[in-house]
Every structure is written in C-alpha cells, then in structure tokens.
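Here is what each chain is made of, one letter per residue.
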Amino acid sequence: MLKLAVISLVIAAVLAVLGFGGAAGTFVGIAKILFFIALAVFVLFLVLGMLAGKGIKDAID
C-alpha cells in the first residue's frame, strides 16, 4: 500500500513538472488517502499482534 502511495507521488511530481496541475493534485490526494489507509492497517495489525501475543503468553503460563 505504501508502494502505491509512493508511485502516486512520483506520478504527481512528473505531472506537475509537465504542467498538468489538476491531475497532479488528484494524484497527491490519492497518495494521501493510500498513506492513511496503510497507517490505519498498520496500527490495527499492531494492536491485534499485541493481543494475540498476550493470549499465547497466558496460555503457556
């Protein structure tokens, strides 16, 4: 997901250099959305991993 965000930012930079401001803005918006979705998924998996680890630790003890 972060790879797609970086690719969108690179496309936006190229479009901005070529003078396509509207399309560049659209790709920057897409990159922002993908970044925040990736961040939310990371936090979700971090919390789930901590909860799973705690459950396994309690089961072993």
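What you are looking at is a predicted structure, and each value in this text was computed from that prediction instead of being measured.

(A) The arrangement of the UniProt feature "transmembrane region" (unreviewed entry) in the chain in detail. Here, UniProt's "transmembrane region" (unreviewed entry) annotation points to residues 33-53. A helix fraction of 100% and a strand fraction of 0% characterise residues 33-53, whose end C-alpha atoms lie 30 Å from each other.

(B) Fine view of helix H1 (residues 2-18). Taking 1.5 Å as the rise per residue, H1 with 17 residues should run 24 Å; its terminal C-alpha atoms sit 24 Å apart, in good agreement. Considered for burial, the residues of H1 that qualify are Ala5, Ser8, Ala12 and Leu15. For H1, the angular spread of the buried residues around the axis is 85°, confining them to a single face. Turned more than 90 degrees off the buried face of H1, the exposed positions are Lys3, Val17 and Leu18. One or two residues past the end of H1 sits Gly19, with phi positive at roughly 100°.

About the criteria used
- Residues numbered from 1 in each chain as written.
- Predicted model: local features only at pLDDT ≥ 70, side-chain atom pairs only at ≥ 80, totals over all residues.
- Heavy atoms only, no water.
- UniProt positions renumbered as here; feature names shortened; annotations may be inferred.
- Helix = DSSP H or I, 4+ residues; strand = E, 2+ residues; numbered from the N terminus.
- Expected span 1.5 Å × (residues − 1).
- Buried < 20%, exposed > 50% of the residue type's maximum accessible area, 1.4 Å probe, protein only.
- Arc of directions from axis to C-beta.

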